[in-house]
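# Residue-level structure breakdown
Here is how the chains run, residue by residue.
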Amino acid sequence: MKIGVLALQGAFREHVYSLEALDAHAVPVRLPDQLDDLAGLIIPGGESTAIAKLMDSYGFHAPILRRHEEGMAIWGTCAGAILVARTVVDGVADQSTLGLMDIEVRRNAFGRQVDSFEVDVSFDDFDRPFRGIFIRAPWIESVGPGVEVLAEHEGKVVAAREGRLLATAFHPELTGDPRIHRYFMERVVGASPA
Ligand code: GLN
């Protein structure tokens, strides 16, 4: 199973290592034509405005939408969750997103860098909590009717799924715990027709 990690800016290497630890074929994606044979794509954490600008200059927007339409699953972590969201609250004025997932995301919702923190979160049907690392994290302010909430922290949605789309406000690639990468591969990519 070939999974790409958008490698323009941010924590992409850690996602590649996490996927390789699960014996997935992980590909750092630097150009749009690398999307063609991917079953799934991870958009990493980093700085959503910087990633959005680089996506624009390399022409990623339309090919990602087309490949998703064809069945490619997408998982956005932190800044990546902002980029898959339909709406961003408190974003910079012209922040562009892929507008794919029916969620409204609030940027830097948990405070600034100094407010980054780690906390155990209950995730979907995992039998023990997942250590969530939040770094200037967004939260998911509201979800549309087709969206399943997978994790909450202090009443705020921090992980959600809609069909072949997954969003987490925290950074599973920094924990060494493979469960959410496995969840993405088995439940989200595995559910796709492609
Ligand atoms: N605060 C960043 C943004 O808005 C996201 C931080 C992260 O990805 N860890 O893009």
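Since the model is a prediction, treat every value here as computed from it, not as a measurement.

### Some remarks on helix α2 (residues 48-58)
Among the residues of α2, S48, T49, I51, A52 and M55 are the ones counted as buried. End-on, the buried residues of α2 take up no more than an arc of 165 degrees, which puts them together on one face. Exposed side of α2, more than 90 degrees from the buried face: K53 and S57 are the residues found there. Where α2 is buried, its residues touch β1 (2-6), α3 (61-69) and α4 (79-84). Backbone geometry just downstream of α2 places G59 in the positive-phi region, at approximately 70 degrees.

### What about the side chain of H153?
Tracing the backbone shows H153 in strand β10 (residues 148-153). Judged by its relative accessible area of 11%, H153 is buried. When near neighbours in sequence (up to four residues on either side) are disregarded, H153 contacts F110, F117, V119, V121 and V158.

### Section: the nonpolar core
Ranked by size, the top nonpolar core spans 36 residues in total, and within it F123, F170 and F184 carry the most contacts. Put simply, the parts of the chain that give this core at least two residues each are β1, α1 (12-21), β4 (73-77), β8 (130-134), β10, β11 (156-162) and α5 (179-189). For this core, the element with the highest residue contribution is α5, accounting for six residues. Among all residues touching F123, those that are not within four sequence positions of it are F130, L150, A151, A159, T168, F170, I180 and Y183. In this structure, V29, I51, I82 and I140 belong to the second largest nonpolar core, which totals 32 residues.

Calculation rules
Residues numbered from 1 in each chain as written. Predicted model: local features only at pLDDT ≥ 70, side-chain atom pairs only at ≥ 80, totals over all residues. Heavy atoms only, no water. Buried < 20%, exposed > 50% of the residue type's maximum accessible area, 1.4 Å probe, protein only. Helix = DSSP H or I, 4+ residues; strand = E, 2+ residues; numbered from the N terminus. Arc of directions from axis to C-beta. Contact = heavy atoms within 4.5 Å. Core = buried A, V, L, I, M, F, W, Y, C linked by side-chain atoms within 4.5 Å.

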